Amino acid sequence: MTSGSYRDSGTGRSAPASAQREDDDKVEISASQTSKNDYSKNIEDTTTPATTTSKRHSLVQRDDIPVHESVAKDAGPLFEEELCEEGDLCTVIPHRGRHRKRVLVLCTGGTLTMSADPTRGNSLAPVQGALTEYLAQMRELTDDPEMPEIVAHEYKPLIDSSDMGPGDWAMLARDIHTNYYHFDGFVILMGTDTMAYTASALAFMLQNLGKPVIFTGSQIPLREPYNDARKNLIMATIFASSDTVSEVCIFFHDRLLRGCRATKVNTSKLKAFDSPNLPSLAEIGINIEENEHLFRPPPRGSFKINTAMDTRMITLRLVPGFDDASIKAMVDAARQTHLKGLILQLYGTGNLPSLKDSFVQCLKDATDSGIVVVATTQCQTGSVILGHYATGQKLIGAGVVSASDMTIEATTTKLAYLLGRQDLSIDEVRDLMTVDLRGEMTPESEMPPPPLASTYQKVIAKKNRSRVY
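From a predicted model like this one, the values you see are computed outputs, not experimental measurements.

So, how was this worked out
Residues numbered from 1 in each chain as written. Predicted model: local features only at pLDDT ≥ 70, side-chain atom pairs only at ≥ 80, totals over all residues. Heavy atoms only, no water. Helix = DSSP H or I, 4+ residues; strand = E, 2+ residues; numbered from the N terminus. Polar contact = N/O pair within 3.5 Å; in protein donor to acceptor, adjacent residues only side chain to side chain. Contact = heavy atoms within 4.5 Å. Pairing = 2+ DSSP bridges. Axes fitted to C-alpha atoms, helices over the stretch in contact; angles between N-to-C directions. Parallel < 35°, antiparallel > 145°, perpendicular 65-115°, else oblique. Left-handed = near helix turned anticlockwise from the far one by under 90°. Nonpolar A, V, L, I, M, F, W, Y, C, P; charged D, E, K, R; others polar. Salt bridge = Lys/Arg side-chain N within 4 Å of Asp/Glu carboxyl O. Core = buried A, V, L, I, M, F, W, Y, C linked by side-chain atoms within 4.5 Å. Buried < 20%, exposed > 50% of the residue type's maximum accessible area, 1.4 Å probe, protein only. Phe/Tyr/Trp six-rings, centres within 6.5 Å; stacked < 30°, edge-to-face > 60°. Lys NZ or Arg CZ within 6 Å of the ring centre and 35° of its normal.

Draft legend 1. Representation of the side chain of Thr-194. Counting through the fold element by element, Thr-194 comes out in the loop between strand E7 (185–189) and helix H4 (195–205). Among the polar contacts listed, one links the side chain of Thr-194 to the backbone oxygen of Ser-161, at a separation of 2.7 Å. Not counting residues within four places of it along the chain, the set of residues in contact with Thr-194 comprises Ser-161, Ser-162 and Met-164.

Draft legend 2. Quick peek at the sheet that holds strand E10 (residues 248–252). Sheet architecture is open: 8 strands sit in the order E6-E3-E7-E9-E10-E11-E14-E15, paired in mixed fashion. Only two strands of the sheet have a single neighbouring strand rather than two, namely strand E6 (149–154) and strand E15 (288–290). Pairwise comparison of adjacent strand axes, ignoring direction, gives a mean angle of 20° for this sheet. Note that strand E3 (residues 102–107) and E6 share 6 bridges and pair parallel. The residue of E6 that forms the bridge with Cys-107 is Glu-154. Where helix H1 (residues 130–137) meets the sheet, its contacts fall on E3, E6 and E7, and the angle it forms with E6 comes to roughly 165°.

Draft legend 3. Structural detail: the sheet that holds strand E20 (residues 401–402). Read across the open sheet, the 4 strands follow the order E17-E18-E19-E20; overall the sheet is parallel. Edge positions in the open sheet fall to strand E17 (313–317) and E20, since each of these has one partner strand only. Pairing analysis gives 6 bridges linking strand E18 (residues 341–346) to strand E19 (residues 372–377), with the strands arranged parallel. Each bridged residue has a counterpart across the sheet, and for Leu-344 the counterpart in E19 is Ala-375.

Draft legend 4. Geometry of the packing of helix H3 (residues 166–179) against H4. It is at 10 Å that the axes of H3 and H4 come closest, and there the two elements cross at 50°. When the axes of H3 and H4 are compared, the pair comes out oblique. In this structure, H3 crosses over H4, and the sense of that crossing is right-handed. Contacts between H3 and H4 involve Pro-166, Trp-169, Ala-170, Leu-172, Ala-173 and Ile-176 from the first element and Tyr-197, Thr-198, Ala-201, Leu-202 and Met-205 from the second. Its residues assigned to classes, the contact of H3 with H4 comprises 10 nonpolar, 1 polar and no charged.

Draft legend 5. Just the pattern of salt bridges, in detail. Counted by the stated rule, this structure contains 18 salt bridges. The salt bridge involving Asp-423 is made with Arg-421; its shortest N-O contact spans 3.2 Å. Residues joined in a network through salt bridges with shared partners are Lys-328, Asp-332 and Arg-335.

Draft legend 6. Quick peek at the nonpolar core. Membership of the largest hydrophobic core comes to 62 residues, with the highest contact counts inside it found for Ile-176, Leu-202, Leu-206, Val-213, Phe-215, Val-248 and Leu-415. Looking at this core, the element that brings in the most residues is H4, giving 8 residues. Those residues in contact with Val-213 that sit more than four places away from it in its chain are Ile-176, Phe-186, Ile-188, Leu-206, Glu-247, Val-248 and Cys-249. Counting residues in each nonpolar core, the second largest holds 32 residues, with Met-147, Ile-214, Leu-281 and Leu-294 among its members.

Draft legend 7. Geometry of the packing of aromatic side chains. The tally for this structure, following the rule as stated, stands at 8 aromatic pairs. On the basis of an interplanar angle of 90° and a centroid distance of 4.9 Å, the ring pair of Tyr-180 and Tyr-181 is categorised as edge-to-face. Look at Phe-204 and Tyr-417: their rings are 5.9 Å apart centre to centre, the planes differ by 25°, and that puts the pair in the stacked class. Taken together, the residues span a long stretch of sequence, with Phe-204 in helix H4 and Tyr-417 in helix H9 (residues 408–421) at a distance of 213 residues. The burial state of Phe-204 is the same as that of Tyr-417; both residues are buried. The ring of Phe-183 has Arg-102 sitting right over it, with the charged end atom 6.0 Å from the ring centre. When the ring centre of Phe-322 is taken as reference, the NZ or CZ atom of Lys-356 above it lies at 4.8 Å.

Next comes the structure, spelled out in structure tokens:
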């Protein structure tokens, strides 16, 4: 192998050095000397010596992070040990001699596995063993030599996605980590209600991911004669065996979406998910049309997981005429229980009423006490641009940071992930919220000009978007 290329040990894929993404586990932050624009590298750890921490704000308080339990138990190893040529047990299954790729399907439940339950008034409920039974009968998966070998695991009990949380996300991450070098890709089947949250969380938990992790589910159960489950399952399996995908994605209906860019937009149509601020990674019709320029390149570092998430945060969606005194009382009360994050869903590009100085002061008091306050937009498409309007300038002065064009799912899980790290200072957490770590946000240099921008601003924005790095 030459020094100008990289080969992933798990996938065997190679890419030119210029197409590699930075090691997700290495970050160097020098807040006093580096502007936010210089944080454009996809890296997030800190190598600042401990002796210099006095120059920065203190680390996130190392009090006990809330323990999140999973409903089910970890699956553990789901591969069969194979022998090397010398007769020793291999820790990594060799690719030689294996004609088909191997995909691990992890099923937590969801509509795809449901059927009418007579004991519950014929309401839909997950059926244990249904997926395994149907997989064995799907000749598209078993008879086609081009399809990968599938190993399926159903967690017990199967659960509705509304019951899933950080403990279950961590369970999935651990099982992927345990089986990572024994499979070419992973499919996660679950309900659609919190799928975007789970996909976003795993995007951050899985560091230096070099293989596809594809989420899917359905709007109609697999048991029904007409359903969308069959196609979603088949296509997710195909993308999970892809050589070009090395990130967490959601496949649904006819599109492959980046997991930390997706959000659920419809409860009754088959096209249930959308990626408002990033085009689809791939679309299927007669052919599969891939937007290869959007795929994340293979990582440089070795695969690892970080599953600790600090969820001591609240999300507020402002409405006209809101009572800021009530919000202030709620924030003050939450601070007594070690509140760490406050996410605001604001109007437009990140605006709030300019006359509510007491509310702005409440936010400043929160940031001064070590709470990370993040501004998101209530609009589905577009970005927060603090400072474009006078009201946004007040938020900057209060220490509020912008979520840019991240979805609410990506914003919440990213903040929980960074706070859960506990090796970052509060300032570093705030800075990293504005850094693109997993493709969850558009870099500032690629953003379109703000509304009512000057001709000069538009020319500079166009120049930045056309620049080749």
